[in-house]
Amino acid sequence: MNRVVSVVLALCLVACSGCSSFDRDWRAAAQRPGHRVDRVSGAWDGKWTSERHRLPDGQAAGGRLRCIFTKEDATHYRARFHANWLCFATGYETTFETKQRGDGLDFRGTHDLGAIFGGVFRYEGRVTPDRFVAHFASRFDRGVFDLHRPGESPSR
């Protein structure tokens, strides 16, 4: 029994350290808007919403979503996400292939979150200097990410 408790505590510590690392990095990115590599890199804040799943009160399932968006090269950006749902939180990273269009980028990509979480997620979206919108789809879910710059109201 003590071994089980030790393993659970160790897993909790690892999970918490990842969250605190993201929080620290995200706050730093949010406080340095003038130091961005380009107009779309940096911190983003908003929500994710499921188009397939509903909460008991009938509202769409979803939660807070934050992202650190970082340019890797001329056509690729790394998105480091931290998502909340009910009392759960998780983080993951993925790389998007991008194409410049006007003042923003169109992007697409995939990421395998494992069979228990729906397998391969496919993303397609657009990011401009003040808005980040993506549609996602997997075996179990589909929906929308809608993000804006930290401290700013979502623009429509």
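Residues numbered from 1 in each chain as written. Predicted model: local features only at pLDDT ≥ 70, side-chain atom pairs only at ≥ 80, totals over all residues. Heavy atoms only, no water.

1. A closer look at the overall build of the chain
The helix and strand tally for the chain stands at 1 helix and 8 strands. When the elements of the chain are put in sequence order from the N terminus, they spell out α-β-β-β-β-β-β-β-β. When burial is assessed residue by residue, the chain has 35% of its 156 residues classed as buried. Put simply, 40% of the contacts in the chain that link residues at least 6 apart link residues at least 24 apart. (Helix = DSSP H or I, 4+ residues; strand = E, 2+ residues; numbered from the N terminus. Buried < 20%, exposed > 50% of the residue type's maximum accessible area, 1.4 Å probe, protein only. Contact = heavy atoms within 4.5 Å.)

2. A look at the pairing of strand 1 (residues 42-54)
Bridge count between strand 1 and strand 2 (residues 60-73): 9 bridges; the pairing is antiparallel. When the sheet's bridge partners are listed, Lys-47 is paired in strand 2 with Arg-64. Adjacent in sequence and paired antiparallel, strand 1 and strand 2 are bridged by 5 residues, among which Gly-58 carries a positive phi angle near 95°. Relative to strand 8 (residues 142-148), strand 1 is paired through 6 bridges, and the arrangement is antiparallel. Looking across to strand 8, one finds that Gly-46 is bridged to Leu-147. (Pairing = 2+ DSSP bridges.)

3. So, the sheet that holds strand 4 (residues 88-101)
The 8 strands are arranged 1-2-3-4-5-6-7-8 in a closed barrel whose pairing can be described as antiparallel. Across the sheet, the mean angle from the axis of one strand to that of its neighbour is 25°, orientation sign disregarded. (Axes fitted to C-alpha atoms, helices over the stretch in contact; angles between N-to-C directions.)

4. Re the confidence of the model for the chain
Residues at a pLDDT of 70 or more form 83% of the chain, whose mean pLDDT is 85. The low-confidence segment residues 1-18, where pLDDT is below 50, has 0 contacts with residues more than four positions distant or belonging to other chains. (pLDDT = per-residue confidence, 0-100.)

5. Quick look at the layout of surface pockets
What the largest pocket holds in volume is close to 730 Å³. The wall of the largest pocket is formed by 25 residues, among which Trp-48, Trp-85, Thr-90, Phe-117 and Phe-121 lie closest to the centre. It is strand 4 that provides the largest number of residues to the lining of the largest pocket, a total of 5 residues. (1 Å grid on protein atoms, 1.4 Å probe; cavity = no way out; pocket = protein on both sides within 12 Å on 5 of 7 lines; lining within 4 Å. Points joined across faces, edges and corners; volume = space filled by probe spheres on them.)

6. Here we look at the pairing of strand 2
Strand direction decides the pairing type here: strand 2 and strand 3 (residues 76-85), joined by 8 bridges, are antiparallel. From the neighbouring strand, Asp-73 faces strand 3, where its bridge partner is His-76. Counted along the chain from strand 2 to the antiparallel partner strand 3, the turn is 2 residues long.

7. Focus: a nonpolar patch on the surface
A cluster of nonpolar residues, Trp-85, Leu-86 and Phe-88, forms a patch on the protein surface that exposes about 350 Å² of accessible area. Classification of Trp-85 by relative accessible area gives partly exposed; the value is 35%. (Patch = residues over 30% accessible without salt bridge, like charges linked within 9 Å, V, L, I, M, F, W, Y side chains within 5 Å. Areas by Shrake-Rupley, 256 points an atom, 1.4 Å probe, with all protein chains shown as cover. Salt bridge = Lys/Arg side-chain N within 4 Å of Asp/Glu carboxyl O.)

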